[in-house]
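The residues making up each chain are set out below.
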Amino acid sequence: MMILNETYTLSNGVRIPKLGLGTWFIDDGKAADAVTEAVAIGYRNIDTAQAYGNERGVGEGIRASGIPRDELFVSTKVAAEIKNYDGAAAAIDGSLATLGLDHIDLMLIHSPQPWNDFRGGDYAEGNRDTWRALEDAYRAGKLRSIGVSNFEQRDLDNILSTCTVAPQVNQLLVHAGNTPAELIDYCRNKEILVQAYSPIAHGEILKNPDVRALAERYGVTVPQLCIRYTLQLGTVSLPKTANPEHMRSNARVDFVITDDDMDVLRSMRAQDYGEHSVFPVYSGK
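Since this is a predicted model, take the numbers as computed values, not measurements.

Undergrad: Even after reading the chapter, I still don't get the pattern of salt bridges, so can you show me in this structure?
TA: Two side chains of opposite charge can pair, provided their charged atoms sit close to one another. One pass over the structure, following the stated rule, counts 17 salt bridges. A salt bridge links Arg69 to Asp105, with the nearest nitrogen and oxygen atoms 2.8 Å apart. Note that Arg69 is positioned in the loop between helix H2 (55–64) and strand S5 (73–78) and Asp105 in the loop between helix H3 (85–99) and strand S6 (106–109), a separation of 36 residues in sequence. The same class applies to Arg69 as to Asp105, namely buried. A salt bridge links Arg217 to Asp261; the nearest nitrogen and oxygen atoms lie 3.2 Å apart. Highlighted residues: Arg217 in helix H7 (residues 209–218) and Asp261 in helix H10 (residues 259–267), separated in sequence by 44 residues. Taking relative accessible area as the criterion, Arg217 reaches 56% and is therefore assigned exposed. A relative accessible area of 9% places Asp261 in the buried class. Counted as one network, the salt bridges with shared partners bring together Arg119, Glu152, Arg154 and Asp155.

Here is the structure:
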């Protein structure tokens, strides 16, 4: 599981592990055990959010892991509904308190719009105000790096037009079947690292016969193929699981997808998320 020891370097010099543990849909009461299991296996990158409702459990798991704090990379996100400086500043301090940590390694704006208006109205000024709060917390040492999530190019341009610290990360929905290649390239050109959430398409891609056939050809599982795909795109991969066996399996990705097969996966269109299509990040609205 060599991937657990590999890192990218953000534009500010901070190192971030290439493979992380996503915690969306992990209940607060179960998050501590999931985090301690992941850290024991070798994970050092843990991702949560205010909206997940499990920051308390994640923080408990981090403290219980027995691993020095500076060896772990912990991310969280300002709630999408917060679009003003004072609210964002309070939310940052709230996450620090709930997690029980003296600093957060990466904090993101969860979405450029509130979830009930995803990809809807104009929140440009609110995003700039929220970003300013992240910049101030970054300078104060509360945050080691700052970024955004679900931001399209126009949303990034809005931040870049006035910021004094450029976003170091953009966390996006990226998986075989949904590869926003132009946006990934744009971020790369701006030295913004992309993190891929739902790299296994929230489980729906397990049913895809083409992906299953390709995984069989490599002698790997569908999740392993999908995680490897996002890594070879140059992104951080954040598969979600509370199952220790799945955590171990997800980290066994020490194989290489050929360029031809990468092209096949990159051109694939598979965006049916089943019952989870009700969530804005999957429906696009």
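Undergrad: How should I be thinking about the nonpolar core in this particular structure?
TA: Counting 77 residues, the largest nonpolar core has Tyr43, Ile92, Leu134, Leu143, Leu156, Ile205 and Leu225 as its most contacted members. Residues in contact with Leu156, not counting those within four places in the same chain, are Val148, Phe151, Asn170, Leu183, Tyr186, Cys187 and Ile192. One finds Leu10, Val14, Val236 and Leu238 within the second-largest nonpolar core, a separate group that totals 11 residues.

Undergrad: What am I meant to see in the packing of aromatic side chains here?
TA: The description of an aromatic ring pair rests on the distance of the ring centres and on the angle between the ring planes. The tally for this structure, following the rule as stated, stands at 8 aromatic pairs. Directly above the aromatic system of Tyr8 lies the positively charged group of Lys18, at a separation of 5.0 Å from the ring centroid.

Undergrad: Where do I start with the packing of H2 against H3 in this structure?
TA: It is the contact of H2 with H3, at a shortest axis distance of 7 Å, that shows an interaxial angle of 50°. In terms of orientation, H2 and H3 fall into the oblique class. Together, Glu55, Arg56, Val58, Gly59 and Arg63 of H2 and Ser95, Thr98 and Leu99 of H3 make up the contact between the two elements.

Undergrad: Help me understand the pairing of strand S9 (residues 193–197) in this model?
TA: Remark: a regular strand shows side chains that alternate across the two faces of the sheet. Burial of S9 is extensive: 5 of the 5 residues sit out of reach of the surface. Of the two faces of S9, the one lined by Leu193, Gln195 and Tyr197 and the one lined by Val194 and Ala196 are each fully buried. Across 5 bridges, strand S8 (residues 169–173) lies against S9 in parallel orientation. Looking at the pairing, Leu173 lines up with Tyr197 of S9. Handedness of the β-α-β unit built from S8, helix H6 (residues 181–189) and S9 comes out right-handed. Where S9 lies against strand S10 (residues 236–238), 3 bridges are found, and the strand directions are parallel. If you follow Gln195 over to S10, its bridge partner there is Val236.

Criteria and thresholds
Residues numbered from 1 in each chain as written. Predicted model: local features only at pLDDT ≥ 70, side-chain atom pairs only at ≥ 80, totals over all residues. Heavy atoms only, no water. Salt bridge = Lys/Arg side-chain N within 4 Å of Asp/Glu carboxyl O. Helix = DSSP H or I, 4+ residues; strand = E, 2+ residues; numbered from the N terminus. Buried < 20%, exposed > 50% of the residue type's maximum accessible area, 1.4 Å probe, protein only. Core = buried A, V, L, I, M, F, W, Y, C linked by side-chain atoms within 4.5 Å. Contact = heavy atoms within 4.5 Å. Phe/Tyr/Trp six-rings, centres within 6.5 Å; stacked < 30°, edge-to-face > 60°. Lys NZ or Arg CZ within 6 Å of the ring centre and 35° of its normal. Axes fitted to C-alpha atoms, helices over the stretch in contact; angles between N-to-C directions. Parallel < 35°, antiparallel > 145°, perpendicular 65-115°, else oblique. Pairing = 2+ DSSP bridges. Right-handed = clockwise from strand over helix to strand, strands pointing away.

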